[in-house]
Amino acid sequence: TTQTTQTVTIGALVPLTGSLQFMGTSGQCAIKLAVQDANKMFASKGIQFQLVTQDSACDPNTALQMLQTVYSQGIRFVVGLTCSSEVSAVKNFAAQNHIVITSISTSPLLAVPKPYIFRLPPTDDAQAQVVTALMHMLGIKKLVIVYRSDAWGQGLSAAIANDSAKYGIQVLGVYGYDPSPSAMPAAEQAAVQKASAALGSPSPDAAFEIVSFDQDGAAVVQAAMNDPVLSKVRWFGTDSNVYGTADIQAGGQALANAKFMGAVAAPNPNDPHYQQFAREFTQFCGHAPTGYDPYYYDTAMIIMEAIAKTGSTDPTVINSVLEQ
């Protein structure tokens, strides 16, 4: 008997350009690896997966357009959505049109029961707890925060400010900037100047928290490294800039001097499942996995497993399976 093979197309919406390009290009490779693995794992079930990738540019309007594009091509499963602002922009269209989305976005503002939207990493409430605990451990008593003013930046900066208070860390100022490329670098420079003025003078117990993505983060770094106050205090970052290539190019030495560090939701490095993934990923993608690569892999794998195990490509069925 010959088995007929059913081809299922998965859409990937990842930032291949824009402020999180370094995450999106690596994430795209992780998703391709998941598809290759799923096609080996589920070959006996007569299902083959294929991938269509669109550049969402970490832009809410682009993300919605790209989702509408893949939907018009008949695609009902979309993976890899990275930016919380993108998820905010697409969630209603996804629910109305029964498109299952698995995302790596982390804003606490999106931690709401919404059909068809599934997020894999913990929310930024967890990240804020870790960052503030780290600050406390390092003897920080005074803090200024500069953040990108979007769904993600607002959620994370508010959480960091709230958690700082638990440790008696005084938040002297929280300054948002317009993250759009057209406002760069003036918007970032203005926020950095305000933060510097609020801190007033450098001291060993003072810190500067940068809640940014990569390219806008580079503008923050360049403004802060030339600032007479902020250049002399400890810096903290976030999951989306501690690996940032643009950040490091903008001011690698300044970041080193400021002992720049942050928190990333990562698998246990001693977990044999993760170690196997890391080996495979390094071989397939040509570099070791960073930050969110395991989550990108899982955004695709969790959907493909659900399809293979149920034998269904009905998004309403897969939605209820993922809810379990």
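Just above, that's the structure.
About the criteria used
Residues numbered from 1 in each chain as written. Predicted model: local features only at pLDDT ≥ 70, side-chain atom pairs only at ≥ 80, totals over all residues. Heavy atoms only, no water. Pairing = 2+ DSSP bridges. Helix = DSSP H or I, 4+ residues; strand = E, 2+ residues; numbered from the N terminus. Axes fitted to C-alpha atoms, helices over the stretch in contact; angles between N-to-C directions. Disulfide = S-S within 2.5 Å. Buried < 20%, exposed > 50% of the residue type's maximum accessible area, 1.4 Å probe, protein only.

(A) Region of interest: the sheet that holds strand E6 (residues 142-148). Strands sit in the order E7-E6-E8-E9 across an open sheet of 4 strands; the sheet is parallel. Lying at the two open borders of the sheet, with one neighbouring strand each, are strand E7 (170-177) and strand E9 (234-236). The mean angle between the axes of side-by-side strands here comes to 20 degrees, regardless of whether they run parallel or antiparallel. In this structure, E6 lies alongside E7, joined through 7 bridges in parallel fashion. The residue bridging leucine 143 from the neighbouring strand is valine 171, located in E7.

(B) Structural view of the state of the cysteines. Taken as a whole and assessed by the stated rule, the structure comprises 2 disulfides. Bridging cysteine 29 to cysteine 285, the disulfide has an S-S length of 2.1 Å. Residues cysteine 29 and cysteine 285 are joined through a disulfide that is left-handed, its torsion about the S-S bond being -105 degrees. Here the residue cysteine 29 occupies a position in helix H1 (residues 21-41), and cysteine 285 occupies one in helix H9 (residues 272-285), the gap between them amounting to 256 residues. For the pair shown, cysteine 29 and cysteine 285 are each scored as buried. Shown here is the disulfide that connects cysteine 58 with cysteine 83, its sulfur atoms set 1.7 Å apart. Its S-S torsion of about -90 degrees marks the bond between cysteine 58 and cysteine 83 as left-handed, since a negative value means left-handed. Of the two residues, cysteine 58 sits in the loop between strand E2 (47-55) and helix H2 (60-72) while cysteine 83 sits in the loop between strand E3 (77-81) and helix H3 (84-97), which places them 25 residues apart along the sequence. You'll find cysteine 58 and cysteine 83 in the same group, each marked buried. Sequential numbering of the bridged cysteines in the protein chain gives the disulfide pattern 1-4, 2-3.

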